[in-house]
Amino acid sequence: MKAKISYVLMFAVLAAFLPVLGGNTAEASDRYSDVSSGYWAAEEIEYLAEQGVATGDEDGHFRPNESLTRGQASVMMTNALGEEGLYASVPTFSDVEEDFWAYSSIERAAELGIFQGNNGEFNPNGSIEKAQVAAVVARAFFGQESEDAGGSVNFDDIDNGFWAKGYIKTLVDNDIIDDEGNFEPNHAATRAEFSAYLARAMNEDLRGQTGGNEEQPDEEVGSDLLYEGVVDANTPLNVRTGPGTENSVKYTLNDGTKIDVYEQVGNWLKISGHGGEGYVHGNYVTNVDEVDSDQDNSNKPAEPIADAKVTNSTLVVRDGPSASYDSVGRLSQGDKVQIYEETNGSWVLIKFNGDWAYTHSGYLKEKPVGESALTGKTIVIDPGHGDHDPGARGNGLVEKNLVLDVALRVQSKLEDEGVNVVMTRTDDTFVTLSGRVSIAERANADSFVSIHANAASAAAEGAETFYDSGHKAKESRELAESIQNRLVRETGMNYRRVADTGFYVIRNTTMPSTLIELGFVTNAGDANRMKRSGYENKAAEAVVNGIKDYYEW
């Protein structure tokens, strides 16, 4: 596919790292591996992920304390506003070329008057300052066109003459932030700070939660004992002031120590031990004496009816089959459970920490117990272009021929897995974009995978996959990420990006859909890889393995 500027791109995928948790103690964090349930902006970060505005990297990190670039901020803003990217024939800013990953979002944000440059430059890779964040949020969500909002704020470091005082006051007036202490307007905004301001602007229910990352005060342990537990850890277990690793350590517990458990908060347990009340991670506590013996298990099914995996960032578990029942804990994205019974509504019976509980099936991906999730699936494979439309050309490669070869191999390999494969073309013929969509819709497909190769400047390189957030956004993103990871690992291509875009075939298909760009035929390095003997088979194997990774667990 010849390079066109993509619409509404998500975050650039950042290089992965393993966060240092400090101390050789037994504990872990939940949700994103670096955003625990007790983190000050956890609810706002979760909300943006659910809305498809922002997400973590491929290793499950959100990197909340890292600074945010102006390019990344423009993508989040256009995503939050539901605006498509804008392709301008002449770039607005001299330092943002058409092949820059966030170009279309920057153009749209500038056209909307949300972002402004300086002397004709945007500085897309520069950090966005907190004062600038206040300005773009106030402009985008509260219609503030000028810097002056009248009145003053109580921040010690913001005077009435400061250029962004009016924007900052708008955020204060709308309960986005509290005006006390220092605002630090010229400091680079972190991903957590930007997420908090943006989520609160989008959702009034999140407003007023303006506290920072301070230590949580001790709370008096209630009288409802859940069960007696025993510490099961090879190293001393930290007891913290709140449910998350960012909270301070009060004391430690040794392996085998008995404790009383009063509450579950995410993966954390509120306990009482020899040092008083506090929180420990549930992975290191064994339930040895359940106090709640009121459950009637006599009518509960003995065998599960389905395996399931959690698809949402968090999923509430309750003691009854509706939202009116009390929460007994949470599951995190990727957690696996077994379903024992379906109710008349959308709630299912599961086992949670050894007890019967209920959760909503809308955030679970299910498959028959012990069976391959691929068996019986209908998957449409779409080799791009064909006949008079050759697609991208470069370095002796023609896109329509390359992708057909790979797609036919994908078909064969998927059929060996028991998949019903529907091809949009199996030879050098041309199918319109609407025709490709119609084939997928008529087949009532479980997923749609369009295979392409890329063209741009000679410097552009790497594999990339796209999805569209119009239909099945979370599922489409997961499918794209799974295939992208396999392509990079198994073909040796560089990881370019996974992005939300508006390509016709994935914008108009209603099932989980992705469009793959195997590499750039116009890049010598990519082309050499694609011309090597056996490449087509490797690429096909990578696509199939990516599809399997998405469906299997």
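Look up: the structure comes first, before these words.
Residues numbered from 1 in each chain as written. Predicted model: local features only at pLDDT ≥ 70, side-chain atom pairs only at ≥ 80, totals over all residues. Heavy atoms only, no water.

Some points on the sheet that holds strand β22 (residues 513-520)
Where strands meet in a sheet, backbone hydrogen bonds hold them as pairs that are either parallel or antiparallel. If you walk across this open sheet you meet the six strands as β18-β15-β19-β22-β20-β21, and the pairing is mixed. Of all the strands in the sheet, the pair left with one neighbour each is β18 (420-423) and β21 (495-500). Across this sheet, the average inter-strand angle for adjacent strands is 20 degrees, counted without regard to direction. Across the sheet, helix α8 (residues 433-442) touches β15 (378-383), β18 and β19 (447-454), and the angle it forms with β15 is around 165 degrees. Set on the sheet, helix α9 (residues 473-491) makes contact with β19, β20 (463-467), β21 and β22; between it and β20 the angle comes to about 170 degrees. (Pairing = 2+ DSSP bridges. Helix = DSSP H or I, 4+ residues; strand = E, 2+ residues; numbered from the N terminus. Axes fitted to C-alpha atoms, helices over the stretch in contact; angles between N-to-C directions. Contact = heavy atoms within 4.5 Å.)

Re the nonpolar core
General note: in soluble globular proteins, nonpolar side chains tend to be found buried as a group. Membership of the largest hydrophobic core comes to 59 residues, with the highest contact counts inside it found for F115, I168, I177, F194 and Y197. Elements represented by at least two residues in this core include exactly α1 (42-50), α2 (70-81), α3 (103-111), α4 (130-142), α5 (165-173) and α6 (191-202). Sequence-distant contacts of F194, defined by excluding residues within four places in its chain, comprise L68, A73, M76, M77, I128, V133 and V136. I451, M530, Y535 and A539 belong to the second-largest nonpolar core, a separate cluster that totals 38 residues. (Core = buried A, V, L, I, M, F, W, Y, C linked by side-chain atoms within 4.5 Å. Buried < 20%, exposed > 50% of the residue type's maximum accessible area, 1.4 Å probe, protein only.)

As for the packing of aromatic side chains
The description of two aromatic rings rests on the distance between their centres and on the angle between their planes. Taken as a whole and assessed by the stated rule, the structure comprises nine aromatic pairs. Ring plane angle 75 degrees and centroid distance 4.7 Å describe the contact between Y550 and Y551, whose orientation is recorded as edge-to-face. An aromatic cluster of at least three residues, connected via ring pairs, comprises F93, F115 and F122. The ring of F122 is capped by R70, whose NZ or CZ atom sits 4.4 Å from the centre of that ring. The positively charged end of K130 is found above the aromatic ring belonging to F183, 4.9 Å away from the centroid. (Phe/Tyr/Trp six-rings, centres within 6.5 Å; stacked < 30°, edge-to-face > 60°. Lys NZ or Arg CZ within 6 Å of the ring centre and 35° of its normal.)

Regarding helix α12 (residues 535-551)
For α12, built from 17 residues, the straight-helix expectation of 24 Å at 1.5 Å per residue is met to within 8% by its first-to-last C-alpha distance of 24 Å. The buried count for α12 comes to twelve of 17 residues, which makes it a mostly enclosed element. Buried within α12 we find Y535, E536, A539, A540, A542, V543, V544, N545, G546, I547, Y550 and Y551. (Expected span 1.5 Å × (residues − 1).)

Here we look at the pattern of salt bridges
Considering all chains together, one arrives at 14 salt bridges under this definition. With a closest N to O distance of 2.8 Å, E44 and R200 form a salt bridge. Of this pair, E44 sits in helix α1 while R200 sits in helix α6, placing them 156 residues apart in sequence. Residues E44 and R200 agree in their burial class; the two are buried. In this structure, K130 and E193 form a salt bridge, with 3.6 Å as the shortest nitrogen-oxygen distance. Remark: E193 occurs in helix α6 and K130 occurs in helix α4; sequence separation between them is 63 residues. Accessibility classification places K130 together with E193 in one group, the buried group. Connected via shared salt-bridge partners are E464, R496 and R497. (Salt bridge = Lys/Arg side-chain N within 4 Å of Asp/Glu carboxyl O.)

A short note on the sheet that holds strand β9 (residues 314-318)
Sheet architecture is open: seven strands sit in the order β10-β9-β13-β12-β11-β8-β14, paired in antiparallel fashion. Both edges of this open sheet fall to β10 (327-332) and β14 (364-367), since each of them pairs with a single strand only. Sheet twist, expressed as the mean angle between neighbouring strand axes with direction ignored, is 40 degrees. Alignment of β9 against strand β13 (residues 355-360), held across two bridges, turns out to be antiparallel.

Any functional reading would require information that these geometric values do not contain.
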